[in-house]
2 protein chains.
Amino acid sequence: IMAGELLWKAADENDWAREPLAHLGNDRWQATFTPRRIGRHLCTVEAWRDDYASLCHEIEVKHKAGVDITLELIEARQYLEALNAKAVPCNTTALGKAIATLQDADVAASVHVLIAPATVKAVAASAERAFRVQHPPLLLDVERPQAEFASWYELFPRSQSGDANRHGTFDDVIARLPEIRAMGFDVLYFPPIHPIGKKNRKGRNNILTPAPDDLGSPYAIGSDEGGHDAIHPQLGTLDDFRRLVAAASENGLEIALDFAIQCSPDHPWLKDHPDWFKWRPDGSIKYAENPPKKYQDIVNVDFYGAGAPELWAALRDIVLYWAGEGVRIFRVDNPHTKPLPFWQWMIDEVRGRHPDVIFLSEAFTRPKMMYRLAKVGFSQSYTYFTWRNTKQELTDDLVELSTTEVKEFFRPNFFVNTPDINPYFLQTSGRPGFLIRAALAATLSGLWGVYSGFEVCEGAPLPGREEYLDSEKYEIRIRDRNAPGNIVAEITKLNQLRRANPALQSHLGVTFYNAFNDQILLYGKRLPGGEDMVLVAVSLDPHDVQEATFELPLWEWKLPDHGSLYVEDLMRGHGAVWTGKLQRVRLDPADLPFAIWRVTLPGGAP
Amino acid sequence: IMAGELLWKAADENDWAREPLAHLGNDRWQATFTPRRIGRHLCTVEAWRDDYASLCHEIEVKHKAGVDITLELIEARQYLEALNAKAVPCNTTALGKAIATLQDADVAASVHVLIAPATVKAVAASAERAFRVQHPPLLLDVERPQAEFASWYELFPRSQSGDANRHGTFDDVIARLPEIRAMGFDVLYFPPIHPIGKKNRKGRNNILTPAPDDLGSPYAIGSDEGGHDAIHPQLGTLDDFRRLVAAASENGLEIALDFAIQCSPDHPWLKDHPDWFKWRPDGSIKYAENPPKKYQDIVNVDFYGAGAPELWAALRDIVLYWAGEGVRIFRVDNPHTKPLPFWQWMIDEVRGRHPDVIFLSEAFTRPKMMYRLAKVGFSQSYTYFTWRNTKQELTDDLVELSTTEVKEFFRPNFFVNTPDINPYFLQTSGRPGFLIRAALAATLSGLWGVYSGFEVCEGAPLPGREEYLDSEKYEIRIRDRNAPGNIVAEITKLNQLRRANPALQSHLGVTFYNAFNDQILLYGKRLPGGEDMVLVAVSLDPHDVQEATFELPLWEWKLPDHGSLYVEDLMRGHGAVWTGKLQRVRLDPADLPFAIWRVTLPGGAP
């Protein structure tokens, strides 16, 4: 008979906490533990041959079968005597008492004392664990709930003045906080807020010949006004920023900053730390490229150049600086183009001081690299969701994310759009397409994100490109959030449903069910062991009415095909008992191209 | 741009052989190697950042796009000059020549010399591999083909005299060799051939009160006539055994011996090495049990007792002794009840001297233990096949064995029966059931085995038990192999087909296809990249005719649903062109309850 324990501790603790492993059968064992705080933890398993349990098991079985166990009882007594001899001999201990009983008692009483909890406990305390082995410790990052469940809203602070001719400020953002919170968002994320370079500045629509009053891309970080630890003067002062952080917190919002490592050609570092860059034979530095995109207004640092040690420390210190200002969420720009060892070290350093810091990886790259970034410490990641539109694509992606080993370490953040990505689907879908994408993102993942403009169904593209016309990256954009056709009410409702239904607070626990129409995706979300299910039907067609017969998953409640469930329509707020496995749904893009139900046993209905 | 190599060597070699890794896309890389001999090997991968390839790639792409590459060419020249400076400077090397060209040539000629194979080769020879990493070496056991493909036949030598009143001898076995080989078997396996204990000897049908002339179980090894390195005197002498090994070899058969570690109570070791056993308070040793089976005639050694080091060496030396007598295959009795570290050590020791030794694990136990034994060195294993009778069971097992990671290290040996297992299915199936099980085993696995009696459809059970009546383990059994209803011809044909069709020489490469009848299993076997397929339909019903419409897998040849294939019936020897995806099969247990076809493109037909 084997025995085992799960061992765990916070990385800075000395002693392992131990939980007994229960044998589930077929060589699978289980134990659970709940960390007492967030931060880096270690865990492992220890296993050994439990000689005393083997002995007792044999004695019990044989005794019940009426087999003579005289010899076995002598062996058991000798085992206990040998144990007792190793300790200070004493007749008043549990071991001593058991030995005394075994010398006189009849068979039944002997068996009783051998398997008594006090005896078992005493043996466990003094017996060596035969063939004890320990697995090398495994790392476990314990993060706060927001690493898995949060609704993100992205905006450019400079666009928040309400007047295209006036540069927005942090105070303008403060004024918008109640409205953003009212939509149900938790995280307010800004593109870089640092001084913008002047050399090679981009003009509107990414042209190389800016007008004198063009503002440039905030991703061209650094000028004679400062670098990554400075604030763009037109946005406000450090004090203004501090007021913004405080006001956001009062409104139930967290500020997320962009950590974009690149520099504009007049970033102070080029002069102060020339050994952090790779210089070409003509004295220039190569500008950044992400083919086919060219970034003539930025250059990259050299992570393995002569100045690497100071550079790495300086980059870490930038994150620590903003963390010192109360920022606990960083969206990291293009981490896959920087070394993995840097991220692993940097995230360890930051989390060692601030274990509540969350890092979002903007790695639109090969899956293995995305997963690797999660392994070295990123809390969550952008995904391919933005380009997944068909039933098969969405199903395949969610099955990979929620059922393979990926689910152990990778959390997706489903952004419906970004300043860089104006999805082709939304360019022609009209309002119903925005509702479809919002419903998918908000119900499939615990983390979803909206870049402002989405709620007013902005989708005008640069012709033929997956980019926005008049991109906000290069100019101020003023929007009328009350414009007819906005979907603010629907986004607000979706975020309310996410808060009210824990099954919607993770990408895990999703199951896809049969809807007999390739344009209708049907899935249920459930907590492990949960009674209720959130069932979602989404039409993937923004243009025409779609209908389908679908299977109500009665079997998940062990009900027969003619069983009944209570179904509450969460978007419309009415409920009914549905009977029978086959049901019908009709989704009209002119009305609402999706339906969200809470499904319970009829007895469980309110 | 990354580059990588696969490194491999035999475990006793010093230098790695290297094969370049080809990039398949999506971060997957591939290389292959063919070991030059059998035995333990090591392999690993090395990867690095190929700076020169990155440089050349950028230059080529930009040059083709008409971009000015003046600076890039200077950088390339500086890169080569730096390399050259590390070597003894010389203008006649490939590097030196390339540098000279770059100083004068025009852009096109410069690009040409940079990407010239001679330059690339010279750079690879002298450049450091940036960020070079090596995976820790992985162990790889290279075995001879018989580890994966062989047909086994098991018999008790003492039953081969043809006369129930005369104890069979090795000479009787020699007389039977041509007939066994004619059935197509490759391996002839004997239960233990050592002296049989007299103390607690079992009588016929496993009773505890033997008659004076009862022979006992050969698994009760050891008596005053010797132990594991001795031969039961009634079978013959060591010289007789040597003649048998030689005769088997002349007949194309290999002898497999049983390695059963247990001892009869009068095995010489009990007296000579009392510290190899665990003694009870009354001076006895516990007899072996494998609940509910009791083996009063055997005791087990103590692998971790005081005499462990000598015991382990003695056990190894037994295997080495018989290996010294030319035996290269051992069937190991109940390895899962002995320590895994013992097997790992023992198999390493034996294979270090005789890398061609094959070990078959008789571990009817939990899957994880079966797989673990494969990992520590067993070449092949008994499986649950003997109890798998339904379409779902057979499909699930084969899918696990041939498509999961198990396929990398575990080879199944499908025994249709054993002296210990008289499957319930065969107890009532009559002759058609024996044909069904033979066809399944012989076509699903590269390794299959028959215990004698199967070919004459013996199935009389101990009432209500999965055991044979009058088990040969306790008495001599004489059989008439020409008895009416024998299936010798069908077994012979199956073994011929296995030899003629390499796709049948492994359990890998199997795909299950749709046959619309739960009593008919349909599967194809193909070599990787193979042109032909062996397609097998087996009725699982030994009593009634079964028919099914089934799908001829035209799509595997990229043919449309109305395409045609040439199909040869391998059991009956005729062929025809079949057209269309849906075909019909009728399987009559009174005739032949299975069909085996070779399927090829019509042009590929003979």
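The model shown is predicted, which means the values in this text are computed figures rather than measured ones. Every chain begins its residue count from 1, and numbering advances along the sequence as written. Lettering of chains starts at A and numbering of ligands starts at 1, both following the order in which they are written. pLDDT decides what is reported in this predicted model: residues at 70 or higher carry local features, side-chain atom pairs at 80 or more are listed and counted, and totals for whole chains, interfaces and linings draw on all residues regardless. Hydrogens and waters are ignored; side-chain quantities use all the structure's heavy atoms.

**Q** So what exactly am I meant to see when it comes to the overall build of chain A here?
**A** When helices and strands are counted, chain A shows 15 helices and 25 strands. Its C-alpha atoms give chain A principal-axis dimensions of roughly 105 × 70 × 40 Å. Restricting the contact set of chain A to residue pairs at least 6 apart, pairs at least 24 apart contribute 73%. Note on areas: these come from Shrake-Rupley sampling with a 1.4 Å probe, and a residue is covered only by the protein chains present in the view. Per element, the accessible surface of chain A, about 26,500 Å² overall, is 53% carbon and sulfur. Positive and negative charge centroids in chain A, built from 65 and 81 side chains respectively, lie 1 Å apart. Think of it this way: any DSSP run of H or I at least four residues long counts as a helix, any run of E at least two long counts as a strand, and we number them from the N terminus. Whether two residues are in contact is decided by their heavy atoms, any of which lying within 4.5 Å being enough. A residue counts as positive if it is Lys or Arg and as negative if it is Asp or Glu; His and the chain ends are not included. Charge positions come from single atoms, namely NZ of Lys, CZ of Arg, CG of Asp or CD of Glu.

**Q** Help me understand the pattern of salt bridges, please; the structure alone is not making it clear to me.
**A** All names here are of chain A. Salt bridges are defined as contacts in which a side-chain nitrogen from Lys or Arg sits within 4 Å of a carboxyl oxygen from Asp or Glu. Scanning the model with the defined rule gives 117 salt bridges over all chains in all. Notably, a salt bridge pairs Arg40 with Asp141, separated by 3.0 Å at the nearest N-O pair. Note that Arg40 is positioned in strand S5 (residues 39-49) and Asp141 in strand S7 (residues 138-142), a separation of 101 residues in sequence. Using a 1.4 Å probe on the protein chains alone, a residue whose accessible area is under 20% of its type maximum counts as buried, one over 50% counts as exposed, and one in between counts as partly exposed. Under the relative-accessibility criterion, Arg40 is labelled partly exposed at 28%.

**Q** Got a minute to help me understand the confidence of the model for chain A in this structure?
**A** In regions of low pLDDT, the predicted coordinates are not meant to be interpreted in detail. A residue-level look at chain A finds 99% of positions with pLDDT of 70 or above and a mean pLDDT of 95. Across the whole predicted complex the pTM is 0.87, and at the interface the ipTM reaches 0.83. By definition, pLDDT measures how confident the predictor is in each residue, and it falls between 0 and 100.

**Q** Sorry if this is basic, but what is going on with the packing of aromatic side chains here?
**A** Working definition: an aromatic ring pair is given by the centre-to-centre distance plus the angle between the planes. In summary, the pairing rule links any two rings of Phe, Tyr or Trp, Trp by its six-membered ring, whose centres are within 6.5 Å, and it sorts them by plane angle into stacked for under 30 degrees, edge-to-face for over 60 and tilted for everything else. In the structure shown here, the tally under the stated rule is 70 aromatic pairs over all chains. On the numbers, 5.0 Å between centres and 80 degrees between planes, the contact of Tyr321(B) with Trp322(B) is edge-to-face. On the accessibility criterion, Tyr321(B) (30% relative accessible area) is partly exposed. What makes Trp322(B) buried here is its relative accessible area of 2%. One aromatic cluster in this structure is built from Phe131(A), Phe259(B), Phe303(B), Tyr304(B), Trp312(B), Phe330(B), Phe342(B), Trp343(B), Trp345(B), Phe359(B) and Phe378(B). Criterion for a charge above a ring: Lys NZ or Arg CZ within 6 Å of the ring centre, and within 35 degrees of the ring normal. The cationic tip of Arg129(B) hangs over the ring face of Trp48(B); the distance from NZ or CZ to the ring centre is 3.6 Å.

**Q** I'm lost on the environment of Arg351(B) in this one. Help?
**A** Residue and element names in this part refer to chain B. Relative to the helices and strands, Arg351 resides in helix H10 (residues 340-353). Here the alpha-carbon distance between Arg351 and Asp141, two residues 210 residues apart in the chain, equals 9.7 Å. In this structure Arg351 touches Asp141, Glu143, Val357, Phe359, Gly377 and Ser379, once residues within four positions along its chain are discounted. Counted as a polar contact is a pair of N or O atoms within 3.5 Å, where, for protein atoms, one must be capable of donating a hydrogen and the other of accepting one, and residues adjacent in sequence contribute only when both atoms are in side chains. Among the polar contacts listed, one links the side chain of Arg351 to the side chain of Asp141, at a separation of 3.4 Å. A distance of 3.0 Å separates a polar side-chain atom of Arg351 from the backbone oxygen of Gly377.

**Q** Explain the relation of the copies chain A and chain B to me, please; I cannot follow it from the model alone.
**A** Superposition of the two copies of the chain requires a rotation about an axis together with a shift along that axis. Mapping chain A onto chain B is achieved by rotating through 180 degrees and translating by 0.1 Å along the same axis, at an RMSD of 0.1 Å. Each copy turns onto its partner about a two-fold axis. Comparing interface residues between copies, 100% of those in chain A also sit at the interface in chain B, which points to an isologous, same-surface contact. Here the copies are superposed with least squares, the fitted atoms being C-alpha atoms of residues at a pLDDT of at least 70 in both.

**Q** Looking at this structure, how should I read the sheet that holds strand S14 (residues 358-362) of chain B?
**A** The strands making up a sheet are joined through hydrogen bonds of the backbone, oriented either antiparallel or parallel. All names here are of chain B. Pairs of strands are assigned from DSSP output, requiring at least two bridges between the strands. The eight strands are arranged S15-S14-S13-S10-S9-S8-S17-S16 in an open sheet whose pairing can be described as parallel. Edge positions in the open sheet fall to strand S15 (380-381) and strand S16 (413-415), since each of these has one partner strand only. The pairing of strand S8 (residues 150-154) with strand S17 (residues 447-451) spans five bridges and is classified as parallel. Bridging from a neighbouring strand, Trp152 pairs with Gly449 of S17. Every axis corresponds to a line fitted to the C-alpha atoms, with the helix fit spanning only the stretch in contact, and the corresponding angles, defined between N-to-C directions, vary from 0 to 180 degrees. Across the sheet, helix H15 (residues 488-500) is in contact with S8 and S17; its angle to S17 comes to roughly 160 degrees.

**Q** Is there a simple way to think about the interface of chain A and chain B in this case?
**A** A common way to report how large an interface is uses the accessible area buried once the components associate. Contact with chain A, which involves 22 residues of that partner, is made by 22 residues of chain B. Of the roughly 1,900 Å² buried between chain A and chain B, counting both surfaces, carbon and sulfur atoms make up 48%. Take the accessible area each of two parts loses on contact, using a 1.4 Å probe, and add the two losses: that sum is the buried area. Of all residues in chain A, Asp27(A), Leu71(A) and Pro281(A) bury the most surface against chain B, accounting for 28% of the area lost on that side. Here chain A and chain B share 10 salt bridges between them. For Glu58(A), the salt bridge identified is with Lys286(B), shortest N-O distance 2.8 Å. In this structure, the connection of chain A to chain B is made through 10 residue pairs in polar contact (both at pLDDT 80 or more). Looking at the side of chain A that touches chain B, the elements with two or more residues in it are helix H1 (51-64), helix H2 (70-86) and helix H11 (367-375) of chain A.

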